[in-house]
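Fold and geometry: a report
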Amino acid sequence: MPLLTRAPQPFVLAPDDSGLIAEIEAYLASLPASARITVPYICAYGRVRQPWNADHPVPRPTLLDRIVRRPARPVPVSVADHLRLASRYIAFHGWLQGAMWDSAGRVCLLGAQAAVLAHGYGTPDDARRARAQVMEVLRSTGQPADSPDEFNDAPTTRQADVHQLLGQAATRAHRLGI
């Protein structure tokens, strides 16, 4: 009589079978509360789109502002922050050449600075000083432009160039302490 042989079953070991998960959970439970991570896990393959003014308080009118019916006081920002906000505004709303803004909400470099001011971040003096920093970076890098607006509207300028210019100007302003 022939023997019936069966093929051996593959040995499958799941994480639950090894006790590894239980061991990790027990270890995490033994940690003090201060050592536990309190922030939610964020997937490295995606990100949540944040508003352009994230990390900056929204301008809020005081009681006196509401009584007198005037806009809220601008949130004080440094020149470096103004330049970073302008770059983030362009990244969020889109970039434009040849006009300050369009009906889709895209803006040029000057339009982004005006939008940052209009949303209540900084003063016109901050914007003027920021433009001076942008101009200093244009001169130091040898760009053939007489103004930031001319650089923005040049046919060879790309959106990445504008972001790089604003980033360099923000770094320069930060180093100068303004």
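The structure presented is a predicted model; accordingly, all values stated were derived computationally and were not measured.

For the structure on display, the rule yields two aromatic pairs. On the basis of an interplanar angle of 80 degrees and a centroid distance of 5.0 Å, the ring pair of W52 and Y89 is categorised as edge-to-face. Taken as a pair, W52 in the loop between α2 (20-30) and α3 (63-68) and Y89 in helix α4 (residues 79-93) lie far apart in primary sequence, 37 residues in all. For the pair W52 and Y89, one class covers both residues: buried. Residue W52 is classed as buried on the basis of its relative accessible area of 7%. By the ring-pair criterion, three or more aromatic residues cluster together here, those being W52, Y89 and Y121.

Next up on the list: the pattern of salt bridges. Scanning all chains against the criterion turns up eight salt bridges. Taking the shortest distance from any N to any O, the salt bridge between D65 and R70 comes out at 2.5 Å. For the salt bridge of D81 with R84, the shortest nitrogen-to-oxygen distance reads 2.9 Å. A residue pair is termed a helical-turn pair when its members lie 3 or 4 positions apart in one helix, as D81 and R84 do in helix α4 at three residues. Take D81: its relative accessible area is 23%, and that puts it in the partly exposed class. Through salt bridges with shared partners, a single network forms among E136, R139 and R172.

Take a nonpolar patch on the surface next. Together, L20, I24, Y27 and L28 make up a nonpolar patch on the protein surface, roughly 400 Å² of accessible area in all. Position of L28 relative to the elements: it lies in helix α2. The class of L28 is partly exposed, set by a relative accessible area of 45%.

Along an α-helix, residues three or four apart share an orientation, since each turn contains 3.6 residues. Listed as buried for helix α5 (residues 109-118) are L109, G111, A112, Q113, A115 and V116. On its buried face, α5 sits against α4, α6 (124-140), α7 (148-153) and α8 (159-176). Phi turns positive, to about 95 degrees, at G120, one or two residues after α5.

Reading guide: rules and limits
Residues numbered from 1 in each chain as written. Predicted model: local features only at pLDDT ≥ 70, side-chain atom pairs only at ≥ 80, totals over all residues. Heavy atoms only, no water. Phe/Tyr/Trp six-rings, centres within 6.5 Å; stacked < 30°, edge-to-face > 60°. Helix = DSSP H or I, 4+ residues; strand = E, 2+ residues; numbered from the N terminus. Buried < 20%, exposed > 50% of the residue type's maximum accessible area, 1.4 Å probe, protein only. Salt bridge = Lys/Arg side-chain N within 4 Å of Asp/Glu carboxyl O. Patch = residues over 30% accessible without salt bridge, like charges linked within 9 Å, V, L, I, M, F, W, Y side chains within 5 Å. Areas by Shrake-Rupley, 256 points an atom, 1.4 Å probe, with all protein chains shown as cover. Contact = heavy atoms within 4.5 Å.

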